[in-house]
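So the chains spell out like this:
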Amino acid sequence: MDCGTCETSAPLEMHKPEVVDVNLSISDNAVKMLGDAFGDDRSMALLVGVLSGGCSGYMYDLQIVETTDIDCQEINIDGFRVLIPNSSSHLLNGIQIDYEDRLMGGGFKIINPNAQSSCGCGESFS
Amino acid sequence: MPKAAFSDSYVTIWRGVDCLTFLDGLTSNQVINLKKNRVVQSALLDKNAKIIDFLTILNLGGFLAIIGHKNNFQPMLDFVTPKILQSDVSITNISQLNDVAILYDEKTSEDIGICESKDDVTYARISKGFTYCIAAKKVNFGGEEIDEKFHEWRISNLMPWYEYEINNKSTPYSCGLNQFVHDSKGCYTGQEILTRMRSRNRGIKVLKSIPNSKIDIEKVTTKGLENSLVIVNQ
């Protein structure tokens, strides 16, 4: 097999969506929960990313990080640092981060105006 | 053993540490644990669980080689590339450099699910009687195009094929690819629909080989000389 390791075949040009300046909001419930999670330490940040997969093609990925190698834009909301990867900024512009306090199916939720559909658990969207 | 050139195929090379995770999140079979020199087949599905392409995935160590049908190449790319985002995945189309051929009707006791290279040809043994071969064009490995003999073999072995049974109007459960749906691997695109079909036992069909004298011609997906393939309710 000729696997194209030399100059005979270059990688295909990948879809590179435009980077947008993300606007997002955080509900009062989510602010309270982030306050509990971060405490007084504001060196940490909430990374809101998107991964491929899930029932609808994309999955949200929330992490608390100090730093990241991912190329991100940083937004400061209510004293919290929120990091959004530029590669998924087009999917996350306009989102609201909410927190639902329920024993089953509770936790952080993303309300996304860009999502055409989402799966039952709310973690995946398209 | 019979050999047929699969010139309606494409071959791509996938590189990057996230390739297996990425494919696992988008296809119906379990791919994430695919070890070096192993091969697996998996369906890439849209959100309605319709087939975008049926992929043969070879783990060749530093990269994956993926075989699909050339008519599905652009839809596959259109579906896959927007989802790469920050994942370490890059795709190279090497179809122009290689021929894909099929060895079928082998009588062998060799292990299935393995891939290996011998004399400049990469072999991926899919089942006891079916092997994909990828060879550089200069090797001249091709052979005759897929013909009636291959389709007769498919009919007797209940093997679905691109553009006959496998098309973008089918789900894996409606074209004989049931064994390539992993029922506990977790979420992937189309998974909710397939799980619902399975739990309600609705829309699940099987391939059958039926004598031509006993079938409704409109239901035939592959017409053979004496028997034909049809898709019927389970």
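Please read these numbers as outputs of a predicted model, since none were measured by experiment.

1. Some words on the overall build of chain B
What chain B contains, in helices and strands, is 4 helices and 13 strands. Expected size for 234 residues packed as a compact globule is a radius of gyration near 17 Å; at 17 Å, chain B falls within 12% of this value. A principal-axis box enclosing the C-alpha atoms of chain B has dimensions of 55 × 45 × 30 Å. Per-residue burial over chain B gives 54% buried out of 234 residues. Sequence separation of at least 24 residues holds for 63% of the intrachain contacts in chain B that already meet a minimum separation of 6. Seen as two clouds, the 28 positive and the 27 negative side-chain charges of chain B have centres 6 Å apart.

2. Quick word on the pattern of salt bridges
Following the criterion strictly, the structure yields 8 salt bridges over all chains and no others. One salt bridge connects Glu-100 of chain A with Arg-102 of chain A, and the closest N-O pair in it is separated by 3.1 Å. We classify Glu-100 of chain A as partly exposed; its relative accessible area is 26%. Residue Asp-99 of chain B pairs with Lys-137 of chain B through a salt bridge whose shortest N-O separation is 2.9 Å. Of this pair, Asp-99 of chain B sits in strand β7 (residues 98-104) while Lys-137 of chain B sits in the loop between β10 (130-136) and α3 (148-157); the two residues are 38 residues apart in sequence, bridging distant segments of the chain.

3. Quick notes on the pairing of strand β3 (residues 58-65) of chain A
Residue and element names in this part refer to chain A. One ladder, built from 8 bridges, connects strand β2 (residues 45-52) with β3; its direction is antiparallel. Counterpart to Ser-52 in the pairing with β3 is Tyr-58. Hairpin remark: β2 followed by β3, antiparallel, with 5 residues in the connecting loop; positive phi at Gly-53, about 115 degrees. Here 2 bridges tie β3 to strand β8 (residues 124-125), and the two strands are oriented antiparallel to one another. Its bridge partner lying in β8, Met-59 is registered against Ser-124.

4. A few points about the sheet that holds strand β6 (residues 90-93) of chain B
Residues and elements named next belong to chain B. Pairing in this open sheet of 5 strands is antiparallel, and the strands run β3-β4-β5-β2-β6 from one edge to the other. Each of the sheet's edge strands pairs with one partner strand only, and the pair in question is β3 (39-45) and β6. Averaged over all adjacent pairs, the angle separating strand axes in this sheet is 30 degrees, with direction ignored. Along the sheet, helix α2 (residues 73-80) makes contact with β2 (9-15), β3, β4 (51-59), β5 (64-69) and β6, crossing β2 at roughly 25 degrees.

5. Description of the interface of chain B and chain A
Opposite the 36 residues of chain B that make contact, chain A presents 32 residues. Interface of chain B and chain A: buried area, both sides summed, is about 2500 Å²; carbon and sulfur atoms make up 63% of it. Broken down residue by residue, the surface that chain B buries against chain A is led by Leu-85, Gln-86 and Leu-97 of chain B, which jointly contribute 24%. Taken together, the connections running from chain B to chain A amount to 0 salt bridges. Our count for the contact surface shared by chain B and chain A stands at 4 residue pairs in polar contact (both at pLDDT 80 or more). Among the secondary structure elements, those contributing two or more residues to the side of chain B that touches chain A are β2, α2, β6, β10 and α4 (191-200) of chain B. If you tally residues by element for the side of chain B that touches chain A, the top one is β6 of chain B, at 4 residues.

6. A look at unusual backbone geometry
Most peptide bonds adopt trans geometry, and most residues besides glycine take a negative phi value. Here Asp-78 of chain A, not a glycine, exhibits a phi torsion of approximately 50 degrees, which is positive. Mapped onto the secondary structure, Asp-78 of chain A falls in the loop between β4 (72-77) and β5 (80-85).

7. Structural notes on the nonpolar core
Residues and elements named next belong to chain B. Among the nonpolar cores identified, the biggest contains 42 residues, and Phe-6, Leu-58, Ile-102, Phe-130, Tyr-132, Trp-161 and Leu-194 are the most heavily contacted of them. Looking at this core, you find at least three residues from each of domain 1 (3-145) and domain 2 (149-233). Excluding residues within four positions of it along the chain, Leu-58 makes contact with Leu-34, Arg-38, Val-39, Phe-63, Leu-64, Ala-65, Ile-67, Cys-115, Thr-122, Ala-124 and Ile-134.

8. Focus: the sheet that holds β3 of chain A
Residues and elements named next belong to chain A. Pairing is mixed across the open sheet formed by 5 strands, whose spatial order is β4-β5-β2-β3-β8. Of all strands in the sheet, those with a lone pairing partner are β4 and β8, marking the two edges. Lying on the sheet, helix α1 (residues 28-38) is in contact with β2, β3 and β5; it crosses β5 at an angle near 100 degrees.

Calculation notes
- Residues numbered from 1 in each chain as written.
- Chains lettered and ligands numbered in written order.
- Predicted model: local features only at pLDDT ≥ 70, side-chain atom pairs only at ≥ 80, totals over all residues.
- Heavy atoms only, no water.
- Helix = DSSP H or I, 4+ residues; strand = E, 2+ residues; numbered from the N terminus.
- Rg over C-alpha atoms; globule rule 2.2 N^0.38 Å.
- Buried < 20%, exposed > 50% of the residue type's maximum accessible area, 1.4 Å probe, protein only.
- Contact = heavy atoms within 4.5 Å.
- Lys, Arg positive; Asp, Glu negative; His and termini not counted.
- Charge placed at Lys NZ, Arg CZ, Asp CG, Glu CD.
- Salt bridge = Lys/Arg side-chain N within 4 Å of Asp/Glu carboxyl O.
- Pairing = 2+ DSSP bridges.
- Axes fitted to C-alpha atoms, helices over the stretch in contact; angles between N-to-C directions.
- Buried area = accessible area lost by both parts, 1.4 Å probe.
- Polar contact = N/O pair within 3.5 Å; in protein donor to acceptor, adjacent residues only side chain to side chain.
- Core = buried A, V, L, I, M, F, W, Y, C linked by side-chain atoms within 4.5 Å.
- Domains from an automatic or database assignment.

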